[in-house]
Amino acid sequence: MQSGEVRLNKAIAGAGVCSRRQADDLIQQGGVRVNGEVVDTPGARVVPGRDRIEVRGQLLELDAAPAAFTYVMLHKPVQVVSTVRDPQGRPTVLGILPPELRGGRLYPVGRLDYFSEGLLILTDDGDLTNRLTHPRYHLPKVYMVKVRGHVTESTLAPMRQGMTLAEGEKLAPVDVRLLQSDRQASLFEMTLRQGVNRQIRRMCRDLGLTVLLLRRVRQGPLELGELPKGAARRLTPHEVAALRRAAGLES
């Protein structure tokens, strides 16, 4: 291995273009060229500053990669997609950020579905994004869930025991705490440690529960707190350090 060599996927993620997993997909799909040649192996070695790397036809300016990464917490509102762009023209999480936070190459870390709201992290730190979206490093995520009608502890018991979804996916037991319940609606808190797509909505569906509100209020050491819907703020240095420690990037 030559001095300064890194894996191609790490070089792309480190430049803030996308997460390392997304870089893997780009590379395997033939969307990356190194010195004019298509490279479809994520582990290929490159030397930033020497090799010419193009992602979807755009030259990767590695020297222009931010010296200090940006970390943003957004209170995503409903009817906003957790992507950088949307072919259907719907509002995106990047599009609703205030102008002072739109610089650089921010990407959402994971997703909240179109009708869900709450805490969403955006960053140009590719290594952190890779850690937080990789199954091995999933941090606990806490949600407030409101459903229609009266719910009892026995209704929620299958969640605590570990369900098998209608599609056949087996779920790990989920921590559920019933907060209030009456004839009109019930509110409970759920803590997930898995990364199954639309897990809460699908669990509620299989239990005959109609979701009225789904809000993520915590991810690892970060709490949404009183951040208003649609608002965003930079993470504090303490929050960044705590998040990186939780992801295993700092001791």
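Residues numbered from 1 in each chain as written. Predicted model: local features only at pLDDT ≥ 70, side-chain atom pairs only at ≥ 80, totals over all residues. Heavy atoms only, no water.

Honestly, helix α6 (residues 237-246) in this entry has me stumped. Any pointers?
Two residues of an α-helix separated by three or four positions point the same way, owing to the 3.6 residues in each turn. Buried within α6 are the following residues: Glu-239, Val-240, Ala-242, Leu-243 and Arg-244. Buried residues along α6 sit against β7 (71-76), β9 (117-123), α3 (126-133), β14 (222-223) and β15 (232-234). After α6 finishes, the residue Gly-248 shows a positive phi value of roughly 80°. (Buried < 20%, exposed > 50% of the residue type's maximum accessible area, 1.4 Å probe, protein only. Helix = DSSP H or I, 4+ residues; strand = E, 2+ residues; numbered from the N terminus. Contact = heavy atoms within 4.5 Å.)

Hey, could you run me through the sheet that holds strand β6 (residues 58-59) in this one?
Note: strands within a sheet are paired through backbone hydrogen bonds, in either parallel or antiparallel orientation. Read across the sheet, four strands follow the order β3-β2-β5-β6 without closing on themselves; strand pairing throughout is antiparallel. A single partner strand is all that each edge strand has here, and the edge strands are β3 (37-38) and β6. Across two bridges, the pairing between strand β5 (residues 53-55) and β6 is antiparallel. The residue bridging Glu-54 from the neighbouring strand is Leu-59, located in β6. (Pairing = 2+ DSSP bridges.)

Whenever I open this one, α3 confuses me. Can you help?
Most of α3 sits out of view: six of its eight residues are buried. Within α3, burial applies to Gly-126, Leu-128, Thr-129, Asn-130, Leu-132 and Thr-133. Residues of α3 that are buried in the fold lie against α1 (8-14), α2 (20-28), β7, β9 and α6. Between a side-chain oxygen at the N-terminus of α3 and the backbone nitrogen of Asp-127 the separation is 3.2 Å; the capping residue is Asp-125. (Polar contact = N/O pair within 3.5 Å; in protein donor to acceptor, adjacent residues only side chain to side chain.)

I would appreciate a short explanation of the pairing of strand β11 (residues 175-181) in the present structure.
Regular strands place their side chains on alternate faces of the sheet. By the bridge criterion, six bridges tie β11 to strand β12 (residues 185-192) in an arrangement that is antiparallel. Paired with Asp-175 across the bridge in β12 is Thr-191.

Quick question: what am I supposed to make of the pattern of salt bridges here?
Where charged atoms from two side chains of opposite charge approach closely, those side chains can pair. Inspection of every chain in the model, using the stated rule, returns 17 salt bridges. Where Glu-167 meets Arg-202, a salt bridge forms, and the shortest distance between an N and an O atom there is 3.1 Å. Linking Glu-167 in the loop between α4 (153-161) and β11 with Arg-202 in helix α5 (residues 199-206), this pair joins segments that are 35 residues apart in sequence. Assessed through its relative accessible area of 12%, Arg-202 is described here as buried. Note that Glu-167 and Arg-205 form a salt bridge whose closest N and O atoms lie 2.9 Å from each other. Of this pair, Glu-167 sits in the loop between α4 and β11 while Arg-205 sits in helix α5, and the two are 38 residues apart along the sequence. Take Arg-205: its relative accessible area is 39%, and that puts it in the partly exposed class. Shared partners join several salt bridges into a network, and the residues in it are Glu-167, Glu-169, Arg-202, Arg-205 and Asp-206. (Salt bridge = Lys/Arg side-chain N within 4 Å of Asp/Glu carboxyl O.)

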